[in-house]
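Residues per chain are reported as follows:
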Amino acid sequence: MLPLDKIPLLRLMEIANRLDFFEQFSLDERKSLLDEKARCYICKKGQHLQREGEYDNNFFLILSGEVSIKRAKDKTPLGRVKPGEFIGEGSFIANKPRSTSALAESDVILLCLDREKLSQLSAKIREKVKDAIISGMAKRIVKLNDINARHQQQPIPAPPLLG
């Protein structure tokens with residue numbers, strides 16, 4: 001990943017205004033978070049944003065692009081993360097190693113926030129970040145439950161008759 005130091009604040013604000021993650025933030029709160037505390041990175045297609053088992057406490061919000069999520073033991077990706085969604089919340093919250101790997105499926109621009117930067121935010125903004133993470137995690141659980149329910153409704157084929 002490469003830091004994006006030259007992305008104008010106005011452009012970041014424009015992107016943030018389109019994402020559900022920021023819907024509870026005032027314009028001043030968005031500006032404060034984007035201008036002072038968060039860092040932006042670009043991850044080129046085919047590069048890892050994070051690897052299973054690594055230890056860091058960065059939380060990544062996808063601003064543009066698409067990321068696939070995978071575990072080493074699985075052959076197929078567990079899912080895809082799109083703009084407005086995030087990765088790394090488990091390690092960020094629990095202070096534990098990464099449980100999955102994340103691979104850029106296209107060029108990805110992401111916003112990175114770590115525990116130290118979170119603690120430097122005003123209490124009001126910090127609570128809104130936490131609320132946005134909780135809301136995003138709840139949406140992810142609902143989505144996974146829907147997928148699981150559809151999967152369970154599919155009929156199981158009968159075993160072949162032995163003759």
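Because the structure is predicted, anything quoted here is derived from the model rather than measured. (Residues numbered from 1 in each chain as written. Predicted model: local features only at pLDDT ≥ 70, side-chain atom pairs only at ≥ 80, totals over all residues. Heavy atoms only, no water.)

Chemist: Sorry if this is basic, but what is going on with the sheet that holds strand β9 (residues 108–114) here?
Modeler: Sheet strands line up and pair through hydrogen bonds in the backbone, either parallel or antiparallel. The sheet built from five strands is open, its strands ordered β1-β2-β9-β4-β7 with antiparallel pairing. Looking along the sheet, the strands with just one partner apiece sit at the ends: β1 (2–3) and β7 (86–87). Bridging between strand β4 (residues 58–64) and β9 involves six bridges; their strand directions are antiparallel. Of the residues in β9, the one forming a bridge with Asn58 is Asp114. (Pairing = 2+ DSSP bridges. Helix = DSSP H or I, 4+ residues; strand = E, 2+ residues; numbered from the N terminus.)

Chemist: How should I be thinking about the pairing of strand β5 (residues 67–70) in this particular structure?
Modeler: The two faces of the sheet receive side chains in turn, since in a regular strand these alternate between them. Summarising the sheet, β5 and strand β6 (residues 79–81) pair through three bridges and their orientation is antiparallel. When the sheet's bridge partners are listed, Ser68 is paired in β6 with Arg80. Relative to strand β8 (residues 101–104), β5 is paired through four bridges, and the arrangement is antiparallel. Paired with Ile69 across the two strands is Ala102, which belongs to β8.

Chemist: In this structure, what is going on with the environment of Ile69? I would like to understand it.
Modeler: By the secondary structure assignment, Ile69 is in strand β5. The class of Ile69 is buried, set by a relative accessible area of 12%. Sequence separation of Ile69 and Ala104 is 35 residues, and the distance between their C-alpha atoms is 9.2 Å. Aside from chain neighbours lying at most four places away, what touches Ile69 is Pro77, Leu78, Gly79, Val81, Ile87, Thr100, Ser101 and Ala102. (Buried < 20%, exposed > 50% of the residue type's maximum accessible area, 1.4 Å probe, protein only. Contact = heavy atoms within 4.5 Å.)

Chemist: Teacher, can you tell me more about the packing of helix α2 (residues 27–37) against helix α5 (residues 123–153) here?
Modeler: Packed helices, taken two at a time, are described by their axes: the angle between them and the distance between them. Between α2 and α5, whose axes approach to 11 Å, the crossing angle comes to 85 degrees. Accordingly, the angle class assigned to the pair α2 and α5 is roughly perpendicular. Of the residues in α5, those in contact with Glu29, Ser32 and Leu33 of α2 are Lys124, Ile125, Lys128 and Val129. Of the residues assigned to the contact of α2 with α5, the class counts are three nonpolar, one polar and three charged. (Axes fitted to C-alpha atoms, helices over the stretch in contact; angles between N-to-C directions. Parallel < 35°, antiparallel > 145°, perpendicular 65-115°, else oblique. Nonpolar A, V, L, I, M, F, W, Y, C, P; charged D, E, K, R; others polar.)

Chemist: Where do I start with the packing of aromatic side chains in this structure?
Modeler: In this description, an aromatic ring pair is defined by two values, namely the gap between the centres and the angle between the planes. According to the stated counting rule, one finds seven aromatic pairs in the structure shown. Taking 5.3 Å as the distance between ring centres and 75 degrees as the angle between the ring planes, the aromatic pair formed by Phe21 and Phe22 counts as edge-to-face. Here the aromatic rings of Phe21 and Phe59 are separated by 5.9 Å at their centres, their planes lie at 35 degrees, and the arrangement is tilted. Of this pair, Phe21 sits in the loop between α1 (9–16) and α2 while Phe59 sits in strand β4; the two residues are 38 residues apart in sequence, bridging distant segments of the chain. Judged on exposure class, the residue Phe21 and its partner Phe59 are both buried. Cluster of aromatic residues (ring-pair linked, three or more members): Phe21, Phe22, Phe25, Phe59, Phe86 and Phe92. (Phe/Tyr/Trp six-rings, centres within 6.5 Å; stacked < 30°, edge-to-face > 60°.)

Chemist: How do you make sense of α2 when you look at a structure like this?
Modeler: Residue pairs three or four apart in sequence face the same way in an α-helix, which turns once every 3.6 residues. Those residues of α2 lying buried are Glu29, Arg30, Ser32, Leu33, Leu34 and Lys37. Each element contacted by the buried residues of α2 is listed here: α1, β2 (39–43), β9, α4 (115–120) and α5.

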